[in-house]
Amino acid sequence: MKRYITFFILLIGFSVNLPAQSPEDSRLVQLRSKLQRLSYADSRYAEKVDVSVTNFPVSELIRSLAKAQNLNINVAFGPDKLINCNLQQVPVTDILFFICKEKSLDIEVMDNILSVIPYNEPEIDPPVHLAYDPLREQATFDFSDSKLEQVTKKFMEATGSNIIIPQSLYGQRVSAYGMNMGMDEAVRTIAAVNGLQYARQSDRSWSVYKIEGGKGGQSRPVISSVLMKLW
């Protein structure tokens, strides 16, 4: 019985310490999976071919491969990408995987049509650094070019306060830095340095908005739409 317990504990420790996959590794795993499913659905993608080119446009290589194998492949990028390769008796799926990996391409499958498209890296939001002292009710924060929605959520989760922003400002990029500030001062600072306005709604609630010009040269605050609130 002791052997089983020891083995179980060691297994848990080993699993916890496994390194996380990088975004590129995850992309390649998904790419490989899509190509494998494609070869199961259409055996022509599993056929082995020879490819030998030097400084050859990738788009033309894929078109030639599709024509030779009688495959429905749509090339959705320009002729600027060039490739060198000498591959002998390699499955079509492996060639496509190699091309996509080396040239930052991806695939989309719709019915029996394969589209090879440019790969767009997912947008990674900059981190919002926030430390909150609940006894002193003070916040220290530092962020740059972060989405206002992300910043307000971080503050609400850490402080238990409510911050109202209009939906039109969710994606606005903001930057700010502050040390040992109360919530009112912190919200006022973030708004001021990013060209925004703020108003205190209650003891634990604020609104952040942007002034827009109205009729007759009058300005009006835009605070409509959605209340971002942590229940």
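Everything that follows concerns the structure shown earlier in this document.
The shown structure was predicted, so the numbers you read here are calculated from the model rather than taken from an experiment.

### With respect to the packing of aromatic side chains
Here the structure, examined in full by the defined rule, presents 2 aromatic pairs. A centroid spacing of 5.5 Å and a plane angle of 65° characterise the contact between Phe141 and Phe155, whose relative ring orientation is edge-to-face. Taken as a pair, Phe141 in strand E7 (residues 138-147) and Phe155 in helix H5 (residues 148-159) lie far apart in primary sequence, 14 residues in all. Across this residue pair, the class does not change: Phe141 and Phe155 are buried. Put simply, the rings of Phe141, Phe143 and Phe155 pair up and form one aromatic cluster. The ring centre of Tyr119 lies 4.4 Å from the NZ or CZ of Arg27, which sits over that ring. Its end group placed over the ring of Phe97, Arg32 keeps NZ or CZ at 3.9 Å from the ring centre.

### As for the sheet that holds strand E6 (residues 129-133)
Taken together, the 3 strands give an open sheet; going across it, the order is E6-E7-E9, and neighbouring strands pair in antiparallel fashion. Both outer strands of the open sheet, E6 and strand E9 (173-181), are each paired with one neighbouring strand and no more. For this sheet, the mean inter-axis angle between neighbouring strands, taken without regard to orientation, is 15°. Against the sheet, H5 touches E6, E7 and E9, its axis set at about 160° to E7.

### Focus: the sheet that holds strand E2 (residues 73-75)
Strand order in the open sheet formed by 3 strands is E2-E5-E4, and the pairing between neighbours is mixed. Each of the sheet's edge strands pairs with one partner strand only, and the pair in question is E2 and strand E4 (105-110). Across the sheet, the mean angle from the axis of one strand to that of its neighbour is 25°, orientation sign disregarded. When E4 meets strand E5 (residues 113-118), the two strands line up antiparallel, connected through 6 bridges. Across the sheet, the residue bridging to Glu108 is Ser115, located in E5.

### Section: the environment of Gln88
By the secondary structure assignment, Gln88 is in strand E3 (residues 82-91). Gln88 gets classed as partly exposed once you look at its relative accessible area, which sits at 47%. A C-alpha to C-alpha distance of 6.6 Å links Gln88 and Val49, two positions 39 residues apart in sequence. Among all residues touching Gln88, those that are not within four sequence positions of it are Val49 and Asp50. Only 2.9 Å separates the side chain of Gln88 from the side chain of Asn86, close enough to count as a polar contact.

### Quick notes on unusual backbone geometry
Phi is positive for Gln89, which is not a glycine, with a value near 50°. With respect to the secondary-structure elements, Gln89 resides in strand E3. One non-glycine residue, Asp145, adopts positive backbone phi at about 55°. Mapped onto the fold, Asp145 is located in strand E7. On the basis of relative accessibility, which here comes to 42%, the residue Asp145 falls in the partly exposed class.

The rules behind the values
Residues numbered from 1 in each chain as written. Predicted model: local features only at pLDDT ≥ 70, side-chain atom pairs only at ≥ 80, totals over all residues. Heavy atoms only, no water. Phe/Tyr/Trp six-rings, centres within 6.5 Å; stacked < 30°, edge-to-face > 60°. Helix = DSSP H or I, 4+ residues; strand = E, 2+ residues; numbered from the N terminus. Buried < 20%, exposed > 50% of the residue type's maximum accessible area, 1.4 Å probe, protein only. Lys NZ or Arg CZ within 6 Å of the ring centre and 35° of its normal. Pairing = 2+ DSSP bridges. Axes fitted to C-alpha atoms, helices over the stretch in contact; angles between N-to-C directions. Contact = heavy atoms within 4.5 Å. Polar contact = N/O pair within 3.5 Å; in protein donor to acceptor, adjacent residues only side chain to side chain.

These figures capture arrangement, not role.
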